[in-house]
Amino acid sequence: MFADDEARVLRRWAADDRQVDEWVRRRGAGEPLEHIVGRVEFDGLDLHVGPGVFVPRRRSLLLAEVVVEQVVADRVAERGLLVVEACCGVAPIGAVLGARMPETSVMVADAEGRALMYARRNVPAADVYEGELLAALPPPARGRVAVIAAVPPYVPDSQARLLPAEATGHEPRRALFGGADGLDTVRLLLKQSLDYLARFEDRVCGVDRTCGVVALEMHRSQAESAQEFAVAHGYRTSVVLGDDGQTVVLLARIV
Ligand SMILES: C[S@@+](CC[C@H](N)C(=O)[O-])C[C@H]1O[C@@H](n2cnc3c(N)ncnc32)[C@H](O)[C@@H]1O
């Protein structure tokens, strides 16, 4: 964002000139704009965020679109199945579903209570759970989830120096880094999802298939390794590449 655009955002949300001055001082000290004004625009929605939480990125609109497509194609609401946003942070994917497909049952989960405070405001209709990955979900969710979506932490630990100070200095470490190759949380989610995905028959082009899909955002350089892991655990996979040429969504469907 250019300085003029930032100034417009600060002016839009500040109560008065004194607050503008205070916010400009904080921004000058390096605090993320979204933490200061307490909001971020995502898919036309004004989401609540604040200090100490991960700010949803524009690149995750790709995941939101992919999830909406899956929910429509698999007739999730009609079947009475669930959509889960794991590692939800302030729950941008849940918020898009809540706004675009209010008839869909959505669960969101994260280990960070502070992020969940905002998630509750961003997706009032969702069930919100605090805990470790999918273990946070209630037992009745097992076998009933049509789509498990996540933007997990996927930056390799060794790439910390490549991230902007706004991320490393103001967002939780756990929200950013995913181990040596960045895929530690991706692998855990793929393994745990097998217990939660719904198994249901569908006829697509005259062919029976079994459904239930995991949709995970990552960098394109990680897709091959993540696909190999998924296939070794019994998934069929495909990859959707974003317009930025960097972001991908791995789709892993149970066979
Ligand atoms: C990259 S952020 C994405 C947040 C949100 N989905 C978004 O796009 O704005 C990753 C999130 O995963 C959560 N997280 C990381 N490890 C976790 C774990 N083991 N269990 C639950 N949540 C975890 C972090 O707290 C953080 O909110």
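Just above sits the structure.
Given the structure is predicted, the values throughout are model-derived calculations rather than measurements.

How each quantity is defined
- Residues numbered from 1 in each chain as written.
- Predicted model: local features only at pLDDT ≥ 70, side-chain atom pairs only at ≥ 80, totals over all residues.
- Heavy atoms only, no water.
- Helix = DSSP H or I, 4+ residues; strand = E, 2+ residues; numbered from the N terminus.
- Rg over C-alpha atoms; globule rule 2.2 N^0.38 Å.
- Contact = heavy atoms within 4.5 Å.
- Areas by Shrake-Rupley, 256 points an atom, 1.4 Å probe, with all protein chains shown as cover.
- Lys, Arg positive; Asp, Glu negative; His and termini not counted.
- Charge placed at Lys NZ, Arg CZ, Asp CG, Glu CD.
- Near = heavy atom within 4 Å.
- Polar contact = N/O pair within 3.5 Å; in protein donor to acceptor, adjacent residues only side chain to side chain.
- Nonpolar A, V, L, I, M, F, W, Y, C, P; charged D, E, K, R; others polar.

Chemist: What should I look at first to understand the overall build of the protein in this one?
Modeler: Broken down by element type, the protein carries 10 helices and 11 strands. In terms of overall dimensions, the protein is globule-like: its C-alpha atoms have a radius of gyration of 19 Å, near the 18 Å expected for 255 residues. C-alpha atoms of the protein, sized along the principal axes, occupy 65 × 40 × 30 Å. Here the contacts in the protein between residues at least 6 apart in sequence split such that 62% fall between residues at least 24 apart. For the protein, the exposed area adds up to about 12200 Å²; of that, 51% sits on carbon and sulfur atoms. Across the protein, 30 positive and 37 negative side-chain charges occur, with their mean positions spaced 2 Å apart.

Chemist: Before we go on, may I ask you to explain the site of the ligand in this structure?
Modeler: As a structural note, the neighbourhood of the ligand is formed by 18 residues, with Cys 87, Asp 110, Glu 132, Leu 133 and Ala 175 the closest of them. Take Cys 88: an N or O atom from its main chain is 3.3 Å from a nitrogen atom of the ligand. Residue Glu 132 places a side-chain N or O atom 2.9 Å away from a nitrogen atom belonging to the ligand. When the ligand sits alone it has 600 Å² of accessible area, and the protein chains cover 95% of it. Across the shell around the ligand, the residue classes tally to 11 nonpolar, two polar and five charged.

Chemist: Looking at this model, I keep getting lost on the environment of Leu 61. Mind explaining?
Modeler: Inspection of the secondary structure assignment puts Leu 61 in helix α4 (residues 61–73). Along the primary structure Leu 61 and Phe 42 are separated by 19 residues, whereas in three dimensions their C-alpha atoms are 7.5 Å apart. For Leu 61, the contacting residues outside a window of four places in its chain are Phe 42 and Asp 43.

What is shown is where atoms sit, not what they do.
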